[in-house]
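# Structural description and commentary
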Amino acid sequence: MTETTPRATPPAWSMAVAAMLLIQVSNALSVTVIDAVGAAGTSWLRMCFGAVFLLLIVRPSLLTIRRADVPTLLMLGAVTGLMTTFFLAALDRIPLGTAVAIEFLGPLTVAAVMSRRRRALVWPALALVGIVLLTEPWQGATDALGIGFALLAGTCWGLYNLLTQRVGDRFSGITGLAFTIPIAAVATTVIGLPQVIGGAPTVPIILLAAGIALITPVVSFGLEMLALRRMTHTAFGTLLAIEPAFGLVVGLIILSQLPGPLQIIGIVIVIVAGAAAQRDGTRSRAADDRGVPPAQHAQ
């Protein structure tokens, strides 16, 4: 009998890093769509195309949903749509790296508040110092509305993490994602559809939005979920702390957003705060041993 050689799979951390990088690339590419149909319109198109792709790929069965699952699925879908909309609205006004760093305050604060140690609250405070260096309010050119949108996106990101833990514990694979992204599309219709109709939704713009949706949420979120099932909460959370750096690099390469020395220092401070906070942010060992996915990220 011929012995079958086990198929090699990429390390979980590499899938997580690839997912984070793809998310930031999709955000940078969204700028062109935002110029044509607005932030809410772009968010709605991304959610709509993402929902179609996921439904075709996963083909989830509604019979797997229990009555108790409905409120969590509805809340997670709504939070996902709002998080994406708020973030793209911030991206329309402030640099990508700055927007990601400010948004990161949301999950970082949640991790600190849920920690058993009060000293964990120092990490959001340290990250706030980094945010001040990033935004340079003493220059007088700070976009308060853009910062506000990023903070709202961060609030949604924190809620998203908590709700995703519940959905990830309940559904296998990316089935939960196939349920929540269509809900996100519906939730953003009221503000997104009018912007699309009133904008310039040319065929190239629509095709670009579809391509971005294939990157995020489909491919990137899929990679993220696969990685999460093989990583502990601490490992993934520590990796997540480098996402502001990805935002900075992608903003530089794709959008030509050149950061100053203080902004680079600010990003480093945010990354250090995020990585340090994860030391107190693990889930129970039993949950990790079962392969239960920890909180994850999307935009």
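Rules used throughout
Residues numbered from 1 in each chain as written. Predicted model: local features only at pLDDT ≥ 70, side-chain atom pairs only at ≥ 80, totals over all residues. Heavy atoms only, no water. 1 Å grid on protein atoms, 1.4 Å probe; cavity = no way out; pocket = protein on both sides within 12 Å on 5 of 7 lines; lining within 4 Å. Points joined across faces, edges and corners; volume = space filled by probe spheres on them. Nonpolar A, V, L, I, M, F, W, Y, C, P; charged D, E, K, R; others polar. Core = buried A, V, L, I, M, F, W, Y, C linked by side-chain atoms within 4.5 Å. Buried < 20%, exposed > 50% of the residue type's maximum accessible area, 1.4 Å probe, protein only. Helix = DSSP H or I, 4+ residues; strand = E, 2+ residues; numbered from the N terminus. Contact = heavy atoms within 4.5 Å. Expected span 1.5 Å × (residues − 1). Phe/Tyr/Trp six-rings, centres within 6.5 Å; stacked < 30°, edge-to-face > 60°. Salt bridge = Lys/Arg side-chain N within 4 Å of Asp/Glu carboxyl O.

### Side note on the layout of surface pockets
Of the voids in this model, the second largest pocket is the one considered here, and its volume is about 190 Å³. Taken together, the residues of the lining of the second largest pocket sort by class into 5 nonpolar, 5 polar and 3 charged.

### A closer look at the nonpolar core
Ala 16, Phe 87, Leu 96, Phe 104, Ile 131 and Met 231 are the most contacted members of the largest nonpolar core, which has 54 residues in total. No other element matches helix H2 (residues 69-91), which puts 9 residues into this core. Listed in part, the 12 residues of the second largest apolar core include Ile 23, Val 218, Phe 221 and Met 225.

### A look at the side chain of Ser 43
One can find Ser 43 in helix H1 (residues 12-58). Excluding its chain neighbours within four sequence positions, the residues that come into contact with Ser 43 are Gly 81, Thr 84, Thr 85, Leu 88 and Thr 188.

### Here's the deal with helix H11 (residues 243-255)
Taking 1.5 Å as the rise per residue, H11 with 13 residues should run 18 Å; its terminal C-alpha atoms sit 17 Å apart, in good agreement. Of all the positions in H11, only Glu 243, Pro 244, Phe 246, Gly 247, Leu 248, Val 250 and Gly 251 are classed as buried. At the exit of H11 stands Ser 256, carrying a positive phi of roughly 55 degrees.

### Observations concerning empty space enclosed by the protein
Tallied over the full model, the rule gives 2 cavities of 30 Å³ or more. Volume-wise, the second largest cavity comes out at about 50 Å³. At the level of secondary structure, the elements contributing two or more residues to the lining of the second largest cavity comprise helix H6 (144-170) and helix H7 (175-187). Counting residues per element, the lining of the second largest cavity draws most heavily on H7, at 3 residues. For the lining of the second largest cavity, the per-class residue count stands at 5 nonpolar, 4 polar and 1 charged.

### Describing the packing of aromatic side chains
A full pass over the atoms with the stated rule returns 3 aromatic pairs. For the pair Phe 86 and Phe 149, a centre-to-centre distance of 6.4 Å together with 20 degrees between the ring planes defines the contact as stacked. Residue Phe 86 is located in helix H2, and its partner Phe 149 is located in helix H6; the two are separated by 63 residues in the primary sequence. Its relative accessible area of 21% is what places Phe 86 among the partly exposed residues. Note on Phe 171 and Phe 179: the rings are 5.4 Å apart at their centroids and 65 degrees apart in plane angle, and the pair reads as edge-to-face.

### Some thoughts on unusual backbone geometry
Note: most residues except glycine have negative phi, and most peptide bonds are trans. Residue Pro 217 is reached from Thr 216 by a cis peptide bond, and omega for that bond is 25 degrees. Within the element layout of this structure, Pro 217 appears in helix H9 (residues 203-228). Within the chain, Glu 136 stands out as a residue other than glycine whose phi angle is a positive 45 degrees. Inspection of the secondary structure assignment puts Glu 136 in the loop between helix H5 (122-135) and H6. For Ser 256, which is not a glycine, the phi torsion comes out positive at approximately 55 degrees. Structurally, Ser 256 can be placed in the loop between H11 and helix H12 (261-277). The class of Ser 256 is exposed, set by a relative accessible area of 60%.

### Quick look at the pattern of salt bridges
Under the definition given, this model contains 2 salt bridges. Where Arg 170 meets Asp 69, a salt bridge forms, and the shortest distance between an N and an O atom there is 2.9 Å. Pair noted here: Arg 170 is in helix H6 and Asp 69 is in helix H2, with a separation of 101 residues, a long-range link. Overall, Arg 170 belongs to the partly exposed group, its relative accessible area being 26%. Looking at Asp 69, the relative accessible area reads 11%, which means it is buried.

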